[in-house]
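Here is how the chains run, residue by residue.
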Amino acid sequence: MNKLVVLGSVNADHVLQVPSFPRPGETLHGRNYQVIPGGKGANQAVAAARLKADIGFIACVGDDPFGVNIRESFKCDGINIGGVKMQADCPTGIAMIQVSDSGENSICISAEANAKLTAEAIEPELERIRQAEYLLMQLETPLDGIELAAQIAKRHDTKVILNPAPARELPESLLACIDIITPNETEAEVLTGVKVEDDVSAKAAADLLHGKGIETVMITLGAKGVYVSQNGEGQIVPGFRVEATDTTAAGDTFNGAFVTGLMESMPLKSAIKFAHAAAAISVTRFGAQTSIPTRDEVNVFLKEHA
Ligand SMILES: Nc1ncnc2c1ncn2[C@@H]1O[C@H](COP(=O)(O)OP(=O)(O)OP(=O)(O)O)[C@@H](O)[C@H]1O
């Protein structure tokens, strides 16, 4: 059993550089095709593992070559893959990503094996959650599985962190089980109806989430950092200034690093700074899991930016 359990998605990101996005009926020549491991669940699990957290992952992959290889790669990163099930006759989740020369992206995802991570499927894995200190989840897998996991965690004093991405409205029964929520500005707006633009609106959104029973609200603000609020007291903890080249998985790296900091008993603000450092490194590199730093890299970065 592990101190941290991450429950979530695994995707193969098929990335193609394109001169511009093809119009309906048009064929264009792309270049630099790459298949990069992604999926919010997997990214957050890998981030925590590279930063030396004791972590087990609950997920579903397909019985295709990507599914076989990614399980091995998780193992190499130090993740307990006892809860990563291989689904027969089903591909691993995919994201088809076109990145245009002007830097925009266009993404289409298909859940595939991720859709199998239902409440019924996670039933055999619940003991992992009961015994963990923290459960970290996102919203790329079926909601009934996420809700069951959160309820079991709540009943057994396992702290629940929810990164509510991609954005969607959530039932009160799920929100009531969450200890820490980490939406970005868009996700905060979908959850609360408040457009987060400044400290005042961030506080309004955070207070609404506190009202649902969530003790700690952390609204990530991209390069600006994070607005953190506990018991109605909020402040911005700024991030690090770096030259960003690709922000894919910045939020995932932040979440995996943040929970790792908490598990090492860092005070909240220190855990946020640690997570800012890991996420800042990730935005200077290309891709999802390819951009996630190791513990040594974060330690060096923090020394250089002290
Ligand atoms: N340009 C940047 N420079 C430095 N740090 C950044 C930058 N963008 C993001 N970060 C770091 O990543 C964290 C999360 O960023 P953001 O609020 O964009 O999350 P997100 O929208 O979930 O990210 P994504 O969907 O791109 O993974 C920030 O709080 C910060 O620590």
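All values reported here derive from a predicted model rather than from experimental measurement. (Residues numbered from 1 in each chain as written. Predicted model: local features only at pLDDT ≥ 70, side-chain atom pairs only at ≥ 80, totals over all residues. Heavy atoms only, no water.)

1. Some words on the sheet that holds strand β7 (residues 105-110)
For step 1, the next point in the chain: Taken in spatial order, the 4 strands make up an open sheet running β3-β2-β6-β7, and their pairing is mixed. Looking along the sheet, the strands with just one partner apiece sit at the ends: β3 (31-38) and β7. On average, adjacent strands in this sheet sit at an angle of 15° to one another, irrespective of strand direction.
For step 2, the next point in the chain: Relative to β7, strand β6 (residues 93-100) is paired through 6 bridges, and the arrangement is antiparallel. Counterpart to Q98 in the pairing with β7 is S106. (Pairing = 2+ DSSP bridges. Helix = DSSP H or I, 4+ residues; strand = E, 2+ residues; numbered from the N terminus. Axes fitted to C-alpha atoms, helices over the stretch in contact; angles between N-to-C directions.)

2. Looking at the UniProt feature "binding site: K(+)" (unreviewed entry) in the protein
For step 1, the next point in the chain: Here the UniProt-annotated "binding site: K(+)" (unreviewed entry) positions come out as D246, T248, S282, R285, G287 and S291. Taken together, the annotated residues stretch across 46 residues yet fold into one region, lying no more than 9.0 Å apart by C-alpha.
For step 2, the next point in the chain: Inspection of the secondary structure puts T248 in the loop between β13 (233-237) and α9 (250-263).
For step 3, the next point in the chain: Taking relative accessible area as the criterion, T248 reaches 31% and is therefore assigned partly exposed.
For step 4, the next point in the chain: Side chain to side chain, T248 and D246 meet in a polar contact 2.6 Å long.
For step 5, the next point in the chain: Checked against the element boundaries, G287 lands in the loop between α10 (268-283) and α11 (295-304).
For step 6, the next point in the chain: With relative accessibility at 6%, the residue G287 sits in the buried group.
For step 7, the next point in the chain: Excluding its chain neighbours within four sequence positions, the residues that come into contact with G287 are I36, D246 and T248. (UniProt positions renumbered as here; feature names shortened; annotations may be inferred. Buried < 20%, exposed > 50% of the residue type's maximum accessible area, 1.4 Å probe, protein only. Polar contact = N/O pair within 3.5 Å; in protein donor to acceptor, adjacent residues only side chain to side chain. Contact = heavy atoms within 4.5 Å.)

3. Let's talk about the side chain of T220
For step 1, the next point in the chain: Tracing the backbone shows T220 in strand β11 (residues 216-220).
For step 2, the next point in the chain: Relative accessible area serves as the criterion here: at 16%, T220 is assigned to the buried category.
For step 3, the next point in the chain: For T220, the contacting residues outside a window of four places in its chain are P183, N184, E185, G225, V226 and F254.

4. Here's the deal with the site of the ligand
For step 1, the next point in the chain: For the ligand, the set of nearby residues contains 17 residues, the closest of which are N184, T220, G222, G251 and H276.
For step 2, the next point in the chain: Between the ligand and T220 there is a distance of 2.8 Å, counted from an oxygen atom to a side-chain nitrogen or oxygen.
For step 3, the next point in the chain: At a separation of 3.0 Å, an oxygen atom of the ligand approaches a polar backbone atom of G225.
For step 4, the next point in the chain: Here the ligand, which alone exposes 630 Å², has 83% of that area covered by the protein.
For step 5, the next point in the chain: Secondary structure elements with two or more residues in the shell around the ligand: α9 and α10.
For step 6, the next point in the chain: Broken down by class, the residue content of the shell around the ligand amounts to 10 nonpolar, 7 polar and no charged. (Near = heavy atom within 4 Å. Areas by Shrake-Rupley, 256 points an atom, 1.4 Å probe, with all protein chains shown as cover. Nonpolar A, V, L, I, M, F, W, Y, C, P; charged D, E, K, R; others polar.)

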